[in-house]
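# Structure at a glance
Spelled out from the first residue to the last, the chains are:
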Amino acid sequence: MNILKLTFVLTAMALSSVSAIAQKGFKEVKPGEIWPDDKNEHIQAHGGGIIKRGNTYYWFGEDRRKNNLVNTRYVGCYSSKDLVNWKFRGQVFKASTLEGIREGTLILERPKVFYNEKNRKYVMYMHLDSAKYKFARVGVAVSDKVDGEYKFVKSFRPLGLESRDIGQFIDDDGSAYLVFESRPTKGFYIAKLSDDYMDVEKQVAFISAPLEGGAIVHYGGLYYAIGSALTSWNPNPNKYATATSLAGPWSEFKDIAPPETNTYSSQSTMMIKVAGTKGTTVVFMADQWKPKTHWDSRYLWMPLEIGNGKLWLPKPQPWMLNVKTGEWKNSNAKK
Ligand code: DGJ
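Residues numbered from 1 in each chain as written. Predicted model: local features only at pLDDT ≥ 70, side-chain atom pairs only at ≥ 80, totals over all residues. Heavy atoms only, no water.

## Re the overall build of the protein chain
Within the protein chain, the regular secondary structure consists of two helices and 24 strands. Whereas a compact globule of 335 residues would reach a radius of gyration of roughly 20 Å, the protein chain reaches 21 Å, a difference of no more than 12%. Considering only intrachain contacts with a sequence separation of at least 6, the fraction spanning at least 24 residues in the protein chain is 49%. Accessible area for the protein chain stands at about 15,400 Å²; split by element, carbon and sulfur atoms hold 53% of it. A gap of 4 Å separates the mean positions of the 46 positive and 34 negative side-chain charges of the protein chain. (Helix = DSSP H or I, 4+ residues; strand = E, 2+ residues; numbered from the N terminus. Rg over C-alpha atoms; globule rule 2.2 N^0.38 Å. Contact = heavy atoms within 4.5 Å. Areas by Shrake-Rupley, 256 points an atom, 1.4 Å probe, with all protein chains shown as cover. Lys, Arg positive; Asp, Glu negative; His and termini not counted. Charge placed at Lys NZ, Arg CZ, Asp CG, Glu CD.)

## Some remarks on the sheet that holds strand β9 (residues 151-156)
Pairing in this open sheet of four strands is antiparallel, and the strands run β6-β7-β8-β9 from one edge to the other. Only two strands of the sheet have a single neighbouring strand rather than two, namely β6 (107-116) and β9. Mean inter-strand twist for the sheet, computed between neighbouring axes without regard to direction, equals 25°. (Pairing = 2+ DSSP bridges. Axes fitted to C-alpha atoms, helices over the stretch in contact; angles between N-to-C directions.)

## Considerations on the sheet that holds strand β19 (residues 280-288)
Taken in spatial order, the three strands line up as β18-β19-β20 in an open sheet, and their pairing is antiparallel. Strands with a single pairing partner mark the edges of an open sheet, and in this sheet they are β18 (267-275) and β20 (298-303). Averaged over all neighbouring strand pairs, the angle between strand axes comes to 20°, with direction disregarded. Judged from the six bridges that link them, β19 and β20 form a sheet pairing that is antiparallel. Bridged to Gln288 within β20 is Arg298.

## Concerning the site of the ligand
Every residue close to the ligand is listed here: Glu109, Arg110, Tyr133, Asp165, Glu212, Ser232, Trp233 and Gln267. Within the side chain of Glu109, a nitrogen or oxygen atom sits 2.6 Å from an oxygen atom of the ligand. At 2.9 Å from an oxygen atom of the ligand is found a side-chain nitrogen or oxygen belonging to Arg110. Protein burial of the ligand: of its 290 Å² of free accessible surface, 91% is covered by the chains. When its residues are assigned to classes, the shell around the ligand shows two nonpolar, two polar and four charged. (Near = heavy atom within 4 Å. Polar contact = N/O pair within 3.5 Å; in protein donor to acceptor, adjacent residues only side chain to side chain. Nonpolar A, V, L, I, M, F, W, Y, C, P; charged D, E, K, R; others polar.)

## What about the side chain of Asp287?
Residue position: Asp287 is located in strand β19. In this structure, Asp287 is buried with no salt-bridge partner, the nearest side chain bearing the opposite charge being Arg110 at 4.8 Å. Within the structure, the side chain of Asp287 is placed 3.0 Å from the backbone nitrogen of Gly47, a separation counted as a polar contact. Beyond its immediate sequence surroundings of up to four residues, Asp287 is in contact with His46, Gly47, Gly48, Ser265, Ser266, Gln267, Thr269, Arg298 and Tyr299. (Buried < 20%, exposed > 50% of the residue type's maximum accessible area, 1.4 Å probe, protein only. Salt bridge = Lys/Arg side-chain N within 4 Å of Asp/Glu carboxyl O.)

## Quick word on the pattern of salt bridges
Applying the stated criterion across every chain, the model contains 20 salt bridges. We note a salt bridge from Asp172 to Lys273, for which the minimum N-O separation is 3.1 Å. Highlighted residues: Asp172 in the loop between β10 (166-170) and β11 (176-182) and Lys273 in strand β18, separated in sequence by 101 residues. The exposure class of Lys273 is partly exposed, given its relative accessible area of 31%. Among the ionic contacts, a cluster of salt bridges with common partners joins Glu41, Asp63 and Arg65.

## Digging into the nonpolar core
Grouped together as the largest cluster of nonpolar side chains are 41 residues, with contacts concentrated most on Ile50, Trp59, Leu83, Trp86 and Trp301. Only β3 (56-63), β14 (211-219), β15 (222-229), β18, β19, β20 and β23 (319-322) provide two or more residues apiece to this core. Considering each element in turn, this core owes the most residues, five residues, to β19. Of all hydrophobic cores here, the second largest spans 22 residues; its members include Ile51, Leu98, Leu128 and Val146. (Core = buried A, V, L, I, M, F, W, Y, C linked by side-chain atoms within 4.5 Å.)

## Re the side chain of Ser163
Along the polypeptide, Ser163 turns up in the loop between β9 and β10. When residues no more than four places from it in sequence are discounted, the contact partners of Ser163 are His127, Ala136, Arg137, Val138, Pro158, Phe180 and Glu181.

## Here we look at the pairing of strand β16 (residues 239-243)
Burial analysis of β16 places four of its five residues in the buried class, the great majority of the element. Sheet topology places β16 next to strand β17 (residues 254-255); two bridges connect them, and they run antiparallel. In the strand pairing of β17, Lys239 is matched with Asp255.

## Section: the environment of Gly48
Along the polypeptide, Gly48 turns up in strand β2 (residues 46-53). Given a relative accessible area of 1%, Gly48 falls into the buried group. Measuring from C-alpha to C-alpha, the distance between Gly48 and Val113 comes to 9.5 Å, with 65 residues separating the pair along the chain. Aside from chain neighbours lying at most four places away, what touches Gly48 is Trp59, Phe60, Gly61, Pro111, Lys112, Thr269, Met270, Met285 and Asp287.

Here's what the structure looks like:
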């Protein structure tokens, strides 16, 4: 090897190790692609929600894998320390009939799990329905362990109201809220859970707007709520509103992305705030539904541009997250 070649090789090696150091602690998310778990299977946690216990995140959602029994609905659970590499913890709840709903017509969507510090129970809320979405209730199931098995307790209409899509919000003081969509009045209810989380105790706000897929985050002294229009499995322009207090008043809703992209073909399910040693990233978690091949539905996770009352979903592209520092960057950024 001549001296020129040797210099070139050494420089390339030095540069690649610099970039390896720059990437340290960062893990890559690829929005819209197959997202393999520790068993190399596409994650099944659609319409999901995430809680953090200690330094571990748990992701719950609809498990719609292809070889599930056709007449049974499943909730999947995954754990991760970095929000990117997920270990499959199992199908932690399953049912083919509940509350007298005929087998084959049971609908169980958007499960969300809350951990109750007082009674040390994991309490799962789910949208429970019958064919044509007429039942419109929440179901509640409980477990002593995060990864189940969850035992069904009851179903009810929160505050006596029809409830379809649900979302969860845990405020900075630990208070737990259920967000639920009300079709008759068109809008989101934000309701506080009872002390033991087994009931929906009181209405905190009603946000009047024909939206579902409700997601809330508290960031920089403001509450931000995102919702999607009522277009079944088809994507639409998701919108956001803000308020200084959960109780409102809430602002008008505005687009979170160029409307013609239909939120880059996705629908909101949650926002997760990752606060680290150097910053805070708010990640938009959404589903790219494939109603004919549900098992292949994808996840669109992207850090939001958020602050001072503005919220914007950048064009999805591979990105990297460091949960320790709370920082993110585009995968193709130099450092
Ligand atoms: C949109 C909801 O957000 C989904 O969870 C699901 O209920 C579909 N509608 C059903 O059409």
